[in-house]
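Take a look at the letters that make up each chain.
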Amino acid sequence: MMNEIIVPSSPCPVIIGAGPAGINAAITLAEQGIESIIVDENPAPGGAIFRQPTKKISLGFSPVIDNKSRQRATRLLENLERYKDKITVYNRAQVLGGLSEGDSIIVLHNNRVTELHYSALFICTGCYERSHPFPGWTLPGVMGVGGMQLQVKSNLVRPGHRVVITGTGPLLLLAAKQFHDAGMEVVGVYEAGQKMDLYREIPALLADIPLLFDGIKYLSYLKKQGIPVHYGWGIVGVRGVSEVSEITVAPYDKDWQPLLNKQEVINADSLAVNYGFTSRTQLTQQLGCAHSYYHDRGGFKPDVDKWHRTSCEKIYAAGDVAGIYGSYVAEVEGKISAYGHLVDLGQINDKEANLLCASLRNNLKRLIKFQHGFSKLSSPKEGLLSLPDKNTVICRCENVTLDKIDNAIATGIGDVTKLKMATRAGMGDCQGKSCGDFCRNYLAKQTQRSQQQIGKLNARFPLAPVTFAAFAAGEK
Amino acid sequence: MLNKNEFQTQKKSINTITLRENDMLYEGEIGNRKIVIMINDEAVYAYQGESVLSTLLSHKIRGFSQNDHGKVQGPYCGMGVCYCCMVKINGINKQRACQHSIEDDMRIDTRSNHFTTLIPAFEKE
Ligand SMILES: Cc1cc2nc3c(=O)[nH]c(=O)nc-3n(C[C@H](O)[C@H](O)[C@H](O)COP(=O)(O)OP(=O)(O)OC[C@H]3O[C@@H](n4cnc5c(N)ncnc54)[C@H](O)[C@@H]3O)c2cc1C
Ligand code: FES
């Protein structure tokens, strides 16, 4: 691992994010003889799905990872290794933002800030779990499903002992299996979507038989282990003194409004919750790329053309950042964006590129059809907005409760930026990554305005809090 | 905060492994070097290279991140996004536990996390 970022004598393509999208973009460029740099804030390449363990173990990957994922991850990382002459990977390197006029990004690595110029920029920053506030959600013991999963996948540590899983989507089933395999007691999975919505989409899900089969495999495994999966159920709230001890769940109606007269209380020390993902667009926003809103696909995402070019010159976006479609799509999009760059360089023409990408695009169509099979089941519904009560903290960084937001709305505030100025919600260290989605959706509901009118919180430089010392070190 | 000498004395005084009951694997299965670090002025075992968050979780410490409002909360995203896992590492406040790796002689404090010497984000509006 390199201790210091070495700025190349002439700018090369820079890829942000070493997940399936970013790595495949780099490999595709390398196959055509083009050198590139990947920067990623994680300690090792792999992204969210192929997160490598921080512990050296003989299996290589966490024992909870199934063989298929192990093979995919190994293949991807071996490929990356094969091109190590062409691809320089900087891990623990966090991008703080970019200067689009200067074609450069600012990277924090080893407490030192470096400006890195690019000839092309590939933004492959993936996504994060969307948070939906409910009473008690800030108590220790409540985590995102993926966040908890990263503990058993990458850190090989159990984040709790008796866990309830609530939320929506196929990740819940996979996580239930992995938590069980990690030695945690899984009380049950509470999927907000209705079973009928899943059955109705079977034609779409048949677009990818192996993936459908994976889902069936997880379900039958859970059944065998006696872990129940409840459809049309979800979270109401969490209680506990210093940590989680009681979790309340209830049946959800079709708008995901909990039916409180049928609620049940479960004693458990942990709650894993995931009602969808948000594209990690802080960089595409900060760099000035145009965005549009997609309710089912991670909220605002950068507009991209068929070669994954954004509206900004030299900037491409691929993978979950450009719409949440999962890791298989991310792999394909990473490759397509690299071909797009080859076209822009004049190294191949449009026709050749189309030919090279024909089978990739066919694949993409099938994978996207499959993913749309979950749209009905998993698209977040308005009922979730009714979960928090007056005293529920919405913005964790600035400790802003729902009643402060309600008061602001009562004064006539109708967009998230004004809401931020009035309440400080979204002004803290995470820059609104946690509360931004709720604030937008809640405002839209309460004021009956559109998402475009409500707008989004501006991403600001630096994207993460940084010490003066780090900037000073970079000046030397 | 302990000074360096106090740290060394405490470090020498540990000879039994503090039980890490949340570890998924046995000690023998883990190839990382086992080292002694300080959590809240107490010496404990950790594996070099694991995330600070997992060390805390493995020692059953789940409530930390005293944010600017002095409120204790738990880690949420586990991947560097939410800033709900901030602790003081080697004297520097507001470090995300989930994004830092354990190193020799590390001192972690989950009790304080004040806003110091950090560059605030520039407001565009
Ligand atoms: C917590 C979590 C767990 C998940 N687990 C699974 C799973 O088990 N199975 C599954 O099929 N799907 C899972 N997903 C979905 C899966 O992540 C994606 O479908 C897939 O990984 C997308 O690939 P990607 O390349 O687009 O992004 P990612 O794989 O997410 O890679 C993005 C990379 O960009 C880096 N990055 C982002 N911003 C910056 C920055 N400013 N500076 C430097 N680096 C940056 C991140 O560190 C990350 O490594 C999970 C998602 C999350 C959020
Ligand atoms: S747990 Fe979210 S930033 Fe560490």
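Further up the page is the structure itself.
So, here's what we can say about the structure. (Residues numbered from 1 in each chain as written. Chains lettered and ligands numbered in written order. Predicted model: local features only at pLDDT ≥ 70, side-chain atom pairs only at ≥ 80, totals over all residues. Heavy atoms only, no water.)

Description of the overall build of chain B
The secondary structure content of chain B amounts to two helices and six strands. Listed N to C, the secondary structure of chain B is α-β-β-α-β-β-β-β in terms of helices and strands. For chain B, the proportion of its 125 residues judged to be buried stands at 55%. Restricting the contact set of chain B to residue pairs at least 6 apart, pairs at least 24 apart contribute 49%. A total of about 5,600 Å² of accessible surface is found on chain B, and carbon and sulfur atoms cover 50% of it. (Helix = DSSP H or I, 4+ residues; strand = E, 2+ residues; numbered from the N terminus. Buried < 20%, exposed > 50% of the residue type's maximum accessible area, 1.4 Å probe, protein only. Contact = heavy atoms within 4.5 Å. Areas by Shrake-Rupley, 256 points an atom, 1.4 Å probe, with all protein chains shown as cover.)

Re the overall build of chain A
Counting its secondary structure elements, chain A contains 16 helices and 22 strands. The globule rule puts the C-alpha radius of gyration for 476 residues at 23 Å, and the 22 Å found for chain A is close to it. Dimensions of chain A along its principal axes, counting C-alpha atoms only, are 65 × 55 × 40 Å. When contacts within chain A are restricted to residue pairs at least 6 apart in sequence, those whose partners lie at least 24 apart make up 67%. The distance from the centre of the 52 positive side-chain charges to the centre of the 45 negative ones in chain A is 3 Å. (Rg over C-alpha atoms; globule rule 2.2 N^0.38 Å. Lys, Arg positive; Asp, Glu negative; His and termini not counted. Charge placed at Lys NZ, Arg CZ, Asp CG, Glu CD.)

Describing the state of the cysteines
Within this structure, the stated rule accounts for zero disulfides over all chains. Of all cysteine sulfurs in the structure, the one in C397 of chain A sits closest to C430 of chain A, which takes part in no disulfide; the separation is 3.8 Å. (Disulfide = S-S within 2.5 Å.)

Notes on the site of ligand 1
Near ligand 1 there are 32 residues, and of these A21, D40, V95, Q149 and D320 of chain A occur at the shortest range. More than one chain reaches ligand 1: the nearby residues come from chains A and B. At 3.2 Å, a side-chain N or O of K153 of chain A approaches an oxygen atom of ligand 1. Taking D320 of chain A, its main chain carries an N or O atom lying 2.9 Å from an oxygen atom of ligand 1. Contact with the protein chains removes 92% of the 980 Å² of surface that ligand 1 exposes when unbound. (Near = heavy atom within 4 Å. Polar contact = N/O pair within 3.5 Å; in protein donor to acceptor, adjacent residues only side chain to side chain.)

Let's talk about the packing of aromatic side chains
Residue and element names in this part refer to chain A. This structure, assessed with the given rule, holds eight aromatic pairs over all chains. Ring plane angle 55° and centroid distance 6.0 Å describe the contact between W256 and Y275, whose orientation is recorded as tilted. Within this pair, whereas W256 is found in the loop between β13 (246-251) and β14 (264-267), its partner Y275 is found in the loop between β15 (270-274) and β16 (277-279), the two being separated by 19 residues in sequence. Residue classification places W256 among the buried residues on the basis of a relative accessible area of 2%. Between F438 and Y442, the ring centres sit 5.2 Å apart and the planes meet at 15°, which makes this aromatic pair stacked. Placement of both F438 and Y442 in helix α14 (residues 436-447) is noted, with a separation of four residues, approximately one turn of the helix. Judged on exposure class, the residue F438 and its partner Y442 are both buried. (Phe/Tyr/Trp six-rings, centres within 6.5 Å; stacked < 30°, edge-to-face > 60°.)

Here we look at the pairing of strand β12 (residues 233-239) of chain A
Sheet faces and side chains relate simply in a regular strand, where the side chains alternate between the two faces. Taken across its seven residues, β12 of chain A has six buried, putting it largely inside the fold. Taken together, β12 of chain A and the strand that follows it, β13 of chain A, pair antiparallel across an intervening segment of six residues. (Pairing = 2+ DSSP bridges.)

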